Amino acid sequence: MTMNQYWRLNSRPEDQDVSGSLSLESEAMPELAAGEVLVKAAYLSMDAGTRMWMTEREDGYQPPLELGTKMVGLVLGHVAQSKHEGFAEGDLVRGFGQWAEHSVLQPELAGLVKVDASVSDIRQHFGVLGFNGWTALWGLQDTAEVKAGDNVLVSAAAGATGILACQIARIMGANVYGLAGGPDKCRWLEDELGITKAIDYKNDDIAAELAKVEGGINAYFDNVGGPILDAVLPNMALYGRVALCGLLAQYKGDGRGHGPENFDQILMKRLRIEGFFSPDFMDQGDRLTAELRTWLDQGLIDTPFDVTDGIENLLTAYEKLFTGGNIGKVLVRIS
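Rules behind the numbers
- Residues numbered from 1 in each chain as written.
- Predicted model: local features only at pLDDT ≥ 70, side-chain atom pairs only at ≥ 80, totals over all residues.
- Heavy atoms only, no water.
- Helix = DSSP H or I, 4+ residues; strand = E, 2+ residues; numbered from the N terminus.
- Rg over C-alpha atoms; globule rule 2.2 N^0.38 Å.
- Buried < 20%, exposed > 50% of the residue type's maximum accessible area, 1.4 Å probe, protein only.
- Contact = heavy atoms within 4.5 Å.
- Pairing = 2+ DSSP bridges.
- Right-handed = clockwise from strand over helix to strand, strands pointing away.
- Core = buried A, V, L, I, M, F, W, Y, C linked by side-chain atoms within 4.5 Å.
- Patch = residues over 30% accessible without salt bridge, like charges linked within 9 Å, V, L, I, M, F, W, Y side chains within 5 Å.
- Areas by Shrake-Rupley, 256 points an atom, 1.4 Å probe, with all protein chains shown as cover.
- Salt bridge = Lys/Arg side-chain N within 4 Å of Asp/Glu carboxyl O.
- Lys, Arg positive; Asp, Glu negative; His and termini not counted.
- Charge placed at Lys NZ, Arg CZ, Asp CG, Glu CD.
- Axes fitted to C-alpha atoms, helices over the stretch in contact; angles between N-to-C directions.
- Expected span 1.5 Å × (residues − 1).
- Polar contact = N/O pair within 3.5 Å; in protein donor to acceptor, adjacent residues only side chain to side chain.

In this section: the overall build of the protein. Across its full length, the protein carries ten helices and 16 strands. Relative to a compact globule of 335 residues, whose C-alpha radius of gyration would be 20 Å, the protein shows 20 Å and is just as compact. In terms of its C-alpha atoms, the protein occupies a principal-axis envelope of roughly 65 × 45 × 35 Å. Residue burial in the protein is summarised as follows: out of 335 residues, 53% are buried. Within the protein, residue pairs in contact and separated by at least 24 positions form 69% of the contacts whose partners lie at least 6 positions apart.

Moving on to the sheet that holds strand β1 (residues 3-9). What the three strands build is an open sheet, ordered β2-β1-β4; its pairing is antiparallel. The two strands at the open ends of the sheet, each matched to only one other strand, are β2 (22-28) and β4 (69-70). Pairing of β1 with β4 involves two bridges; the strand directions are antiparallel. Each residue of the ladder has a partner; that of L9, found in β4, is T69.

What follows covers the pairing of strand β9 (residues 151-154). A two-sided burial pattern is seen for β9, the buried positions comprising N151 and L153 on one face and V152 and V154 on the other. The parallel pair β9 and strand β10 (residues 175-180), bridged by helix α4 (residues 160-171), forms a crossover whose chirality is right-handed. Sheet analysis places β9 next to strand β12 (residues 217-222), joined by three bridges and oriented parallel. Its bridge partner lying in β12, L153 is registered against Y220.

Okay, the nonpolar core next. Counting residues in hydrophobic clusters, the biggest one holds 50 residues, and the most contacted among them are L140, V146, V152, I168, L292 and I301. If sequence neighbours within four positions are ignored, L292 has contacts with V128, L129, G133, W134, L137, I168 and I301. One finds A48, L65, M71 and F87 within the second-largest nonpolar core, a separate group that totals 32 residues.

Below, the discussion takes up a negative patch on the surface. A contiguous patch of negative charge on the surface is contributed by E14, D15, D17 and E319. Looking at the secondary structure, you find D15 in the loop between β1 and β2. On the basis of relative accessible area, D15 is assigned to the partly exposed category, the value being 39%.

In this section: the pairing of strand β15 (residues 305-309). Where β15 meets strand β16 (residues 329-333), five bridges bridge the pair, whose relative direction is parallel. By the bridge assignment, T308 is partnered in β16 with V332. The parallel pair β15 and β16 is bridged by helix α10 (residues 314-323), and the resulting crossover is right-handed.

What follows covers the sheet that holds β10. The sheet built from six strands is open, its strands ordered β11-β10-β9-β12-β13-β14 with parallel pairing. Of all strands in the sheet, those with a lone pairing partner are β11 (197-200) and β14 (272-275), marking the two edges. In this sheet, neighbouring strand axes are inclined to one another by 15 degrees on average, regardless of whether the strands run parallel or antiparallel. Across four bridges, β10 lies against β11 in parallel orientation. Across the sheet, residue G178 finds its bridge partner in β11, namely A198. Against the sheet, α4 engages β9, β10 and β12, with an angle of about 170 degrees to β9. Its contacts with the sheet put helix α5 (residues 183-193) on β10 and β11, and the angle it makes with β11 is roughly 170 degrees.

Between the first and last C-alpha of helix α3 (residues 131-143) there are merely 16 Å, a value that for 13 residues lags more than 12% behind the 18 Å anticipated at 1.5 Å per step. For α3, the tally of buried residues reaches eleven of 13 residues, placing the bulk of the element in the interior. Every buried residue of α3 is listed here: F131, N132, G133, W134, T135, A136, L137, W138, G139, L140 and T143. Once α3 finishes, E145 follows within two positions and takes phi at roughly 50 degrees, a positive value.

If you trace the backbone, D200 turns up in strand β11. Buried and unpaired, D200 has no salt bridge, with K202 as the nearest side chain of opposite charge at 6.8 Å. Engagement of the side chain of D200 in a polar contact is seen with the backbone nitrogen of K202, the distance being 3.0 Å. Side chain to side chain, D200 and N203 meet in a polar contact 2.6 Å long. Not counting residues up to four positions away in its chain, the partners in contact with D200 are A180, G181, G182, P183 and C186.

What follows is about unusual backbone geometry. Not every positive phi belongs to a glycine, and E145 is a case in point at roughly 50 degrees. Inspection of the secondary structure puts E145 in the loop between α3 and β9. The backbone phi angle of Y239 is positive, close to 60 degrees, even though this residue is not glycine. As for its position among the elements, Y239 is in strand β13 (residues 236-244). Using a relative accessible area of 53% as the deciding quantity, one classes Y239 as exposed.

Another point: the environment of L296. Along the chain, the position of L296 falls in helix α9 (residues 285-297). The contacts of L296, once residues within four sequence positions are left out, are Q124, V128, L129 and I301.

What follows is the structure, given as structure tokens:
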């Protein structure tokens, strides 16, 4: 009998270490009902935001996952079997499935879409052409309204979304500053991506370094929140914009945190802070993908991949998101 391995959520994690709350399980290969699709995973995407789905919070864009069920995440793979008229065996697809070798999906609920198999590296459907690319482009273009000549700051600049935000901001004609952990990542951002300046949040005085930016920060693409946001606010330019994409500093416990101590700067500098999530631009996927594909084909944008082999090693890959152990997009290769 063919078996399917998957990760099950058993309890609510209390800190960033989720290993005690998940277990690797096996089951008989699931059978399909009418309207369902079986996807054989090639890659699973590791995304920090999924940590919030493990909590009991009801006020997010994604309801909490029920205990005793399969952990959910983005899947890229091929249709192994279909009882849905819109999908055929062999289609390359991406959608919200499970941390599993095979996922049974209802396409309409899972946001399952067929993606272009002619892309030279299909992993880019999790990179430049995926949600990380969409998030970076939407956050800079539509939320932060970046213009040529702006001083743009990106936190978690060596992460999956941050790397793309840095490159897109450069394409848009901005002066790009990045926050990353450690000298190696900072050198990589300056030497490989060509950003204006990388600041090591582990060893540098962030506020002091940002104070050197002439004219202040016009747009801040924030992936982390927390104390770093506090250091940034006094160094924003008048009428600056903050596109709040993630709260990596608070992804533990129930994910709640305190507001910034420098909250007054929002008034003093007439700042606009706007949070945004992927559901805000899901209907714009074709437009965003087309723009990103043009830049990818022109060699203007790319992303490195940090790949871990085997579903049994998934938690090792996932941990990198919270320890800074990666540059670029973290993936688990299943086949």
